[in-house]
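Summary of structural features
Spelled out, the chains give:
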Amino acid sequence: MIRLRSALLFDARLQARHGFYAAYAIVSLLYVAMLRALPEAWRELAHLLATFSDPAALGFYFVGGLVLLEKQQRLFDPLFATPYAASEYVLSKTATLTGLSAAAIVAVRLGAFGFEGRWALFLYGSVATAAFFTLLGLGIAVSCRTLNGYFVASTVYTSVFALPLVEPLGLASWPALSMLPTHASLLALESAFGPEPTVRTTIYVVVWLAGWTVAAYAWALRRLTREREAGAE
Amino acid sequence: MIWLRMSVVDAKQTLRDPMLFFMTAAPLLILAALRYAAPYGLSLLPGDPESGALDFAAIVSAVALLLVPLLPGTMAGLLLLDERDERLVAALAVTPLRKSGYFGYRLAFPFVLSAGYAAALPSASGLLPPGANALSLAPSLFAAAALAPMFAVLMGALAANKLEGLAVSKLSGWVVFAPALLLAPEPAQWVGALVPTYWIAKSYVSAASGDAAAAYGWGIGALLYLVALFVWLFGKYLRRIE
């Protein structure tokens, strides 16, 4: 527990030092300004699209850089020769970036809309989506060598997980999309201003996002362990 | 010659690592979205389509123009950072390529690529009035293409490593929305003049509305601003690799 706490502190400090927090403070302000400037009729949809594609997914964007820098500085092998466990590595990165995501999401919403609307499912969905995307990115990044390689490799995943966006955009609606965690994410984010979610929807969102996030954790951990074993040989 | 050889190496790498393919393909997607999706989006605009519809169309088209160099430029920036972090620049400096060749290659490619797409954009957009003077569009198209090496050098100059580079790129991408400032009332929108993309947007929208003099004025202003900014940022970047 103490190890995990120091890992969390270390990661948070590293992220602060490299300007992640400062960058997102400014990005959040820009989103608030943009949302406030938009006509009333577009504001909620724009908020949904912006939240889903940026602050909720920021872990995905940044975790690639974090992992690659550590790989390139050859910190991977000595890091895991210490009592520091792979699970702590994954948890610490995920928790810190998810925290930043959640802070940005709340800041943007409060800045643009104040306290109006529903919060519980929205917050749950934001946190779970942020954690899911961070874990997904971590799992991809461990086997990449360069940032461009990481972003190219991740387009396959991101284009699949972005598919449910066709629904709020009114382009299409396929029942199969509800298999994807991001379908649940969008429902959770929509619950902020849309009609009150039914009990069934709420259970689906809570269970489905939790299940996918746990699965992504196991997947990322396995990818990391494998990569280390391959590196050690 | 050495550029040609490097291109061949890069092209071979494209087969293994599809990054260059992305750099090349992404602006095409922007052009396609502008051609096929933007008119539909504009048709959903509230209010009278006759009043102000052209303004919106020109502004959407200007944002698309600025999006063209964003991806090639950012990818080139990430390459500069990766290669600096791996101390590859120092290694290349002692090869026949030399440092200048390295910079030229890394920065010229995204520029040429963006210039090609930028030139195709006004006709691909279908959003500009047929009367728009093609020649008066030239300064803004050229300046937009020059943004590609600018994005790259900005990341190299302001970021100490790839992590900071990612943070910088998160912020720098926002400048493509500068054309939206043109919707704000006159004195308030001038704050946009702080970013060169506002100048480019002014020039582009002026050309689209047939005001050639304003298009040249803002366009040449944008180019001068970009050159000054580039010299400053490139100097900072050089100091970081030494």
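These figures come from a predicted structure and were not determined experimentally.

If you tally the helices and strands in chain A, you get ten helices and zero strands. When the helices and strands of chain A are listed from N to C terminus, the series reads α-α-α-α-α-α-α-α-α-α. Relative to the compact-globule value of 17 Å for 233 residues, chain A shows a C-alpha radius of gyration of 18 Å, a close match. Seen through its C-alpha atoms, chain A measures out along the principal axes to roughly 55 × 35 × 35 Å. A separation threshold of at least 6 residues defines the contact pool for chain A, and within that pool the share at least 24 residues apart is 77%. When the accessible surface of chain A is summed, it comes to about 10,700 Å², and 69% of that surface belongs to carbon and sulfur atoms. Charge-centre separation for chain A: the mean point of 17 positive side chains lies 6 Å from the mean point of 14 negative side chains.

Let's shift gears to the overall build of chain B. Across its full length, chain B carries ten helices and zero strands. Taken over 242 residues, chain B has a buried fraction of 49%. Per element, the accessible surface of chain B, about 11,100 Å² overall, is 72% carbon and sulfur.

Let's shift gears to the packing of aromatic side chains. Residues and elements named next belong to chain A. Going through the model one piece at a time under the given rule, you end up with 27 aromatic pairs over all chains. For the ring pair F52 and F133, a centre distance of 6.2 Å and an interplane angle of 70° mean the geometry is edge-to-face. Of the two residues, F52 sits in helix α3 (residues 40–53) while F133 sits in helix α7 (residues 120–141), which places them 81 residues apart along the sequence. Overall, the relative accessible area of 6% leaves F133 in the buried class. For the ring pair Y157 and W219, a centre distance of 6.1 Å and an interplane angle of 50° mean the geometry is tilted. In this pair, Y157 is assigned in helix α8 (residues 147–161) and W219 in helix α10 (residues 199–232), connecting sequence segments 62 residues apart. Three or more aromatic residues joined by ring pairs make a cluster, and in this case those are F20, Y24, F52, F60, Y61, F62, F132, F133, Y150, F151, F161 and W212.

A contiguous nonpolar surface patch, about 400 Å² in accessible area, is contributed by L45, L169 and L171 of chain A together with Y40 of chain B. When you line up the elements, L45 of chain A lands in helix α3.

Residues and elements named next belong to chain B. You will see that R87, though not glycine, has its phi angle at about 60°, which is positive. Within the fold, R87 resides in the loop between α3 (53–85) and α4 (88–93). On the basis of relative accessible area, R87 is assigned to the exposed category, the value being 66%.

What follows concerns the UniProt feature "transmembrane region" (unreviewed entry) in chain A. The feature "transmembrane region" (unreviewed entry), as annotated in UniProt, sits at residues 21–39, 45–69, 90–115, 121–142, 149–166 and 201–220 of chain A in this numbering. The span residues 121–142 of chain A is 95% helix and 0% strand, and its two end C-alpha atoms sit 32 Å from each other.

This brings us to the interface of chain A and chain B. The interface of chain A with chain B comprises 28 residues on the first partner and 21 residues on the second. Residue D54 of chain A pairs with K170 of chain B through a salt bridge whose shortest N-O separation is 3.2 Å. At the boundary of chain A with chain B, the tally comes to nine residue pairs in polar contact (both at pLDDT 80 or more). Mapped by element, the contributors of at least two residues to the side of chain A that touches chain B are α1 (2–17), α2 (20–37), α4 (58–72) and α8 of chain A. Considered class by class, the residues forming the side of chain A that touches chain B number 18 nonpolar, seven polar and three charged.

All names here are of chain A. It is at 8 Å that the axes of α7 and helix α9 (residues 181–190) come closest, and there the two elements cross at 150°. Comparing their axes, α9 and α7 come out roughly antiparallel. In the crossing of α7 with α9, the sense of the turn from one axis to the other is left-handed. Across the interface between the two elements, L121, F122, G125, S126, T129, F132 and F133 of α7 pack against P181, T182, S185, A188 and L189 of α9. Its residues assigned to classes, the contact of α7 with α9 comprises seven nonpolar, five polar and no charged.

Our next topic: the UniProt feature "transmembrane region" (unreviewed entry) in chain B. Residues and elements named next belong to chain B. In this numbering, the UniProt entry assigns the feature "transmembrane region" (unreviewed entry) to residues 20–38, 58–81, 102–120, 140–159, 171–195 and 215–235. For residues 58–81, the end-to-end C-alpha separation is 35 Å, with 100% helix and 0% strand making up the annotated structure. This span, residues 102–120, is 100% helix and 0% strand, and a straight line between its end C-alpha atoms measures 28 Å.

In this model, α2 of chain A (18 residues) spans 26 Å end to end at C-alpha, consistent with the 26 Å of a helix rising 1.5 Å per residue. For α2 of chain A, the complete set of buried residues consists of F20, A23, Y24, V27, S28, Y31, V32 and L35 of chain A. The secondary structure elements touched by the buried residues of α2 of chain A are α1, α3, α4 and α6 (86–113) of chain A together with α7 (162–172) of chain B.

Take the pattern of salt bridges next. Residues and elements named next belong to chain A. Going through the model one piece at a time under the given rule, you end up with eleven salt bridges over all chains. We note a salt bridge from D11 to K93, for which the minimum N-O separation is 2.8 Å. One end of the pair, D11, is in helix α1; the other, K93, is in helix α6, with 82 residues separating them in the sequence. For K93, a relative accessible area of 1% translates into the label buried. For K71, the salt bridge identified is with E227, shortest N-O distance 3.8 Å. Note that K71 is positioned in helix α4 and E227 in helix α10, a separation of 156 residues in sequence. One salt-bridge network, in which partners are shared between bridges, spans D11, E70 and K93.

Residue and element names in this part refer to chain A. One finds F20, F62, V67, F133 and Y150 to be the most contacted residues of the largest nonpolar core, which totals 69 residues. It is α6 that provides the largest number of residues to this core, a total of ten residues. Residues in contact with Y150, not counting those within four places in the same chain, are F60, Y61, V63, G64, L68, G137, I140, A141 and C144.

Let us now look at the side chain of S136 of chain B. All names here are of chain B. Structurally, the position occupied by S136 is in helix α6 (residues 134–158). Given a relative accessible area of 1%, S136 falls into the buried group. Among residues more than four places away in sequence, those in contact with S136 are A207, A212, A215 and Y216.

Definitions and cut-offs
Residues numbered from 1 in each chain as written. Chains lettered and ligands numbered in written order. Predicted model: local features only at pLDDT ≥ 70, side-chain atom pairs only at ≥ 80, totals over all residues. Heavy atoms only, no water. Helix = DSSP H or I, 4+ residues; strand = E, 2+ residues; numbered from the N terminus. Rg over C-alpha atoms; globule rule 2.2 N^0.38 Å. Contact = heavy atoms within 4.5 Å. Areas by Shrake-Rupley, 256 points an atom, 1.4 Å probe, with all protein chains shown as cover. Lys, Arg positive; Asp, Glu negative; His and termini not counted. Charge placed at Lys NZ, Arg CZ, Asp CG, Glu CD. Buried < 20%, exposed > 50% of the residue type's maximum accessible area, 1.4 Å probe, protein only. Phe/Tyr/Trp six-rings, centres within 6.5 Å; stacked < 30°, edge-to-face > 60°. Patch = residues over 30% accessible without salt bridge, like charges linked within 9 Å, V, L, I, M, F, W, Y side chains within 5 Å. Salt bridge = Lys/Arg side-chain N within 4 Å of Asp/Glu carboxyl O. UniProt positions renumbered as here; feature names shortened; annotations may be inferred. Polar contact = N/O pair within 3.5 Å; in protein donor to acceptor, adjacent residues only side chain to side chain. Nonpolar A, V, L, I, M, F, W, Y, C, P; charged D, E, K, R; others polar. Axes fitted to C-alpha atoms, helices over the stretch in contact; angles between N-to-C directions. Parallel < 35°, antiparallel > 145°, perpendicular 65-115°, else oblique. Left-handed = near helix turned anticlockwise from the far one by under 90°. Expected span 1.5 Å × (residues − 1). Core = buried A, V, L, I, M, F, W, Y, C linked by side-chain atoms within 4.5 Å.

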